[in-house]
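Coordinates in review
Each chain, letter by letter, is given below.
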Amino acid sequence: MSDGDEVAKLWKVNRTIHELVKDRGFQVSDDEINMDLQTFKESYVSQSGSVDRTQLNFYTNSTSNFDDQIFVFFSDEKSVGVKSMRKLISILEEKSIQRGIIVFPGNMTPTARRVIVAMASQYRLEEFSEADLLVNIVHHTLVPRHDVLTPEQKKILLEKYRLKETQLPRIQLADPVARYYGLRRGQVVKITRPSETSGRYASYRICF
């Protein structure tokens, strides 16, 4: 891949990860999302023509809870191992942030994935390859609108229809849309689809 192709790819990845963070309820400026390729080049491309991925790192606060923060870490390691995970965790520890997303250009080793599981009680860590973020899947015409219910909204839903959690249709934790919104087990999403007869209709799924 040429430097030009790499820059264009990272421009798209950078836009999608900012959209993802915003869609999860965190503060993100429209300038970051709407940044054109030329502005991206001027901001992040070095004189050698490449992008220093560490310059793409950012953290932000939840719009509803200022103490809730998320840090996005771009790894330049082609195959992410324990080294990158330790670096991410040290940054989270230094900044007192519990949520972290690592974005990487290639793949992740099984050992690195085990770190995510091992640290689950202290940090909520997620991983996305750059290939996962080239296109924002929730903008695709075939993907209906998904809204994550709050615990209170979930309680009201179950009481209204006299349902148990086990009676709701399921969405898998590994589902691309579930990953995009960072769903956790037990969370419910409202899925709104267009309908030829009623205009639109809603269904609900629980993450498992």
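What you are looking at is a predicted structure, and each value in this text was computed from that prediction instead of being measured.

**A closer look at the side chain of Thr192**
In this structure, Thr192 sits in strand β9 (residues 188-195). Apart from residues no more than four positions distant in its own chain, Thr192 is found in contact with Pro144, Arg145, Arg200, Tyr201 and Ala202.

**Let's talk about the sheet that holds strand β1 (residues 58-61)**
The four strands are arranged β1-β2-β4-β6 in an open sheet whose pairing can be described as mixed. Of all the strands in the sheet, just β1 and β6 (124-129) have a single pairing partner and so form its edges. Recorded for the sheet is a direction-independent mean angle of 15° between the axes of neighbouring strands. By the bridge criterion, five bridges tie strand β2 (residues 69-74) to strand β4 (residues 99-104) in an arrangement that is parallel. From the neighbouring strand, Val72 faces β4, where its bridge partner is Ile101.

**Here we look at the UniProt feature "domain: RNA polymerase Rpb5 N-terminal" (unreviewed entry) in the protein**
UniProt records the feature "domain: RNA polymerase Rpb5 N-terminal" (unreviewed entry) at residues 5-90, using the numbering of this structure. This span, residues 5-90, is 48% helix and 14% strand, and a straight line between its end C-alpha atoms measures 32 Å.

**What about the domain arrangement of the protein?**
Quoted interface sizes are often the accessible area lost when the parts come together. With domains assigned, the protein is organised as domain 1 (3-135) and domain 2 (138-207). Listed by partner, the interface residues are nine residues for domain 1 and eight residues for domain 2. Between domain 1 and domain 2 the total buried area reaches about 780 Å² when both faces are included, carbon and sulfur atoms providing 44% of it. Ranking the residues of domain 1 by area buried against domain 2 places Asp23, Arg24 and Arg124 at the top, with a combined share of 53%. One salt bridge in this structure joins Arg179 and Glu127, with 3.9 Å as the shortest N-O distance. Between domain 1 and domain 2 we count seven residue pairs in polar contact (both at pLDDT 80 or more) in total. At the level of elements, α1 (3-23) and β6 are the ones that each hand at least two residues to the side of domain 1 that touches domain 2. For the side of domain 1 that touches domain 2, the element with the most residues is β6, which contributes four residues. For the side of domain 1 that touches domain 2, the per-class residue count stands at two nonpolar, no polar and seven charged.

**Observations regarding the packing of α1 against helix α3 (residues 37-44)**
Packing of α1 against α3 leaves a shortest axis separation of 10 Å and a crossing angle of 100°. What the angle tells us is that α1 and α3 run roughly perpendicular. Residues Val7, Ala8, Leu10, Trp11 and Asn14 of α1 touch α3, and the partners they reach there are Leu37, Phe40 and Lys41. For the contact of α1 with α3, a count of residues per class yields six nonpolar, one polar and one charged.

Cut-offs used in this document
- Residues numbered from 1 in each chain as written.
- Predicted model: local features only at pLDDT ≥ 70, side-chain atom pairs only at ≥ 80, totals over all residues.
- Heavy atoms only, no water.
- Helix = DSSP H or I, 4+ residues; strand = E, 2+ residues; numbered from the N terminus.
- Contact = heavy atoms within 4.5 Å.
- Pairing = 2+ DSSP bridges.
- Axes fitted to C-alpha atoms, helices over the stretch in contact; angles between N-to-C directions.
- UniProt positions renumbered as here; feature names shortened; annotations may be inferred.
- Domains from an automatic or database assignment.
- Buried area = accessible area lost by both parts, 1.4 Å probe.
- Salt bridge = Lys/Arg side-chain N within 4 Å of Asp/Glu carboxyl O.
- Polar contact = N/O pair within 3.5 Å; in protein donor to acceptor, adjacent residues only side chain to side chain.
- Nonpolar A, V, L, I, M, F, W, Y, C, P; charged D, E, K, R; others polar.
- Parallel < 35°, antiparallel > 145°, perpendicular 65-115°, else oblique.

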